[in-house]
Amino acid sequence: MNIAAPTPSTDLRSTLTAAAAGSGEGLRRGLWVSFLDPYGLEVALGSGVDWLGLDLQHGNLEPSDVPGLLRVAERAGLPVLARTPDHAPATVGRLLDAGVDGLIVPMVESADQARALVSAGRTPPRGTRSTGGCRQTLGVADAPAEQLLLPMVETAAGLRNAADILAVDGVDGVFVGPYDLSISSGFPAPDSPQTLDAVRHVVGLARHARKVAGFMAGAPGLVDLAPEADLVALDTDVAALRLGLSRLYR
């Protein structure tokens, strides 16, 4: 892919909130990145990817890896979300400082947890996030002034409380994790009928709230649901590597 000339990145928050309101298209061809370094990401781009999800909860990425990956994505005009490894305000602030377009936060199970994340991710008077010299405040990142905040619904408790989580002011929507959700709820598989119904239920709640609905796919049944959501990670860099090697060496 030729990324010699910088191009403005998509304002992910504006794009997705418009899609959630029914006045635009979502981004349904996301790549979930768990191990690629900037060089590897340069090689991987140019294949029709709409957005990138950087997974700092699982895989090999650390917060210090994010700025280098962002530089590649910014040159390619691709918006980037980061999945945090935890709910810690320091982690939330550091990743937002790096200049990501928003955060996906794992294992959110209640409105109280969602409110705490809003507080950690927004500056006063809406929240308690501090400011300082960083890629975002120094103007060297393409991130919007207010970045997207998507709690993950991926446990049985989160599923029960999804409507309350979506009702929290400052939460832009939810991102469903069907793999952990199926384990937590005792469903047979991430793309079992029970899990697919649960994903549809949460997407419907987000639609009713006019907020962003997203999920992780990676299995055929889940991929088939992509048109119903605003934000979909179709699969991972790990899966892409395995698929490429299997085709090369079959």
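Residues numbered from 1 in each chain as written. Predicted model: local features only at pLDDT ≥ 70, side-chain atom pairs only at ≥ 80, totals over all residues. Heavy atoms only, no water.

### Some remarks on the overall build of the protein
Counting its regular elements, the protein contains eleven helices and eight strands. Taken against the 2.2 N^0.38 rule, which gives 18 Å for 250 residues, the C-alpha radius of gyration of the protein at 17 Å falls within 12% of a compact globule. Each principal axis of the C-alpha atoms in the protein carries an extent, and together these give about 55 × 45 × 35 Å. With 250 residues in all, the protein has 51% of them scored as buried. Contacts spanning at least 24 positions in sequence make up 64% of the contacts within the protein whose residues lie at least 6 apart. Of the roughly 11,100 Å² of accessible surface on the protein, a fraction of 54% belongs to carbon and sulfur atoms. (Helix = DSSP H or I, 4+ residues; strand = E, 2+ residues; numbered from the N terminus. Rg over C-alpha atoms; globule rule 2.2 N^0.38 Å. Buried < 20%, exposed > 50% of the residue type's maximum accessible area, 1.4 Å probe, protein only. Contact = heavy atoms within 4.5 Å. Areas by Shrake-Rupley, 256 points an atom, 1.4 Å probe, with all protein chains shown as cover.)

### Side note on the sheet that holds strand 3 (residues 80-83)
Strand order in this closed barrel of eight strands is 1-2-3-4-5-6-7-8, and the pairing throughout is parallel. Ignoring strand direction, the axes of neighbouring strands in this sheet form an average angle of 25°. Summarising the sheet, strand 6 (residues 173-176) and strand 7 (residues 212-216) pair through four bridges and their orientation is parallel. Residue pairing in the sheet places Val 174 in a bridge with Ala 213 of strand 7. (Pairing = 2+ DSSP bridges. Axes fitted to C-alpha atoms, helices over the stretch in contact; angles between N-to-C directions.)

### Description of the pattern of salt bridges
Taken as a whole and judged by the stated rule, the model has 13 salt bridges. A salt bridge links Arg 28 to Glu 25, with the shortest nitrogen-to-oxygen separation between them at 3.3 Å. Look at Arg 28 and you get partly exposed, because its relative accessible area is 24%. For Glu 25, a relative accessible area of 59% puts it in the exposed group. Salt bridges sharing common partners tie together Arg 13, Arg 122, Arg 126, Glu 146, Asp 169 and Asp 172. (Salt bridge = Lys/Arg side-chain N within 4 Å of Asp/Glu carboxyl O.)

### Side note on a negative patch on the surface
Taken together, the side chains of Asp 37, Glu 42, Glu 62 and Asp 65 make up a negatively charged region of the molecular surface. Along the chain, the position of Asp 37 falls in the loop between strand 1 (27-33) and helix 2 (38-44). (Patch = residues over 30% accessible without salt bridge, like charges linked within 9 Å, V, L, I, M, F, W, Y side chains within 5 Å. Lys, Arg positive; Asp, Glu negative; His and termini not counted. Charge placed at Lys NZ, Arg CZ, Asp CG, Glu CD.)

### Details of the environment of Gly 173
Mapped onto the elements, Gly 173 comes out in strand 6. By relative accessible area, which is 0% here, Gly 173 ends up buried. Between the C-alpha atom of Gly 173 and that of Gly 93, which follows or precedes it by 80 residues, the distance is 19 Å. If we ignore the near neighbours within four places in the chain, the residues touching Gly 173 are Leu 149, Leu 150, Pro 151, Leu 166, Lys 211 and Val 212.

### Digging into helix 9 (residues 193-209)
Between the first and last C-alpha of helix 9 there are 24 Å, a value that for 17 residues agrees with the 24 Å anticipated at 1.5 Å per step. Among the residues of helix 9, those classed as buried are Thr 195, Leu 196, Ala 198, Val 199, Val 202, Val 203 and Ala 206. Buried residues of helix 9, seen end-on, are gathered within an arc of 160° and therefore sit on one face of the element. Residues of helix 9 that are exposed and point more than 90 degrees away from the buried face comprise Pro 193 and His 208. (Expected span 1.5 Å × (residues − 1). Arc of directions from axis to C-beta.)

### Some points on the pairing of strand 1
Summarising burial for strand 1: five of the seven residues are buried, a large majority. Sheet topology places strand 1 next to strand 8 (residues 231-236); four bridges connect them, and they run parallel. If you follow Gly 30 over to strand 8, its bridge partner there is Ala 233. Pairing between strand 1 and strand 2 (residues 51-55): four bridges, direction parallel. Bridge pairing in strand 2 places Val 33 opposite Leu 54. Taken together, strand 1, helix 2 and strand 2 form a β-α-β motif whose crossover is right-handed. (Right-handed = clockwise from strand over helix to strand, strands pointing away.)

### A look at the packing of aromatic side chains
In this description, an aromatic ring pair is defined by two values, namely the gap between the centres and the angle between the planes. As enumerated under the stated definition, the model contains three aromatic pairs in all. With 5.8 Å between their ring centres and 10° between their planes, Trp 32 and Phe 175 make a pair best called stacked. With Trp 32 in strand 1 and Phe 175 in strand 6, this pair connects stretches of sequence that are 143 residues apart. Just as Trp 32 is buried, Phe 175 falls in that class too. Pairing Trp 51 with Phe 175 gives two aromatic rings, centres 6.4 Å apart and planes at 85°, and the pair type is edge-to-face. You can see Trp 51 sitting in strand 2 and its partner Phe 175 sitting in strand 6, a full 124 residues away along the chain. Accessibility assignment for this pair places Trp 51 and Phe 175 in one class, buried. (Phe/Tyr/Trp six-rings, centres within 6.5 Å; stacked < 30°, edge-to-face > 60°.)

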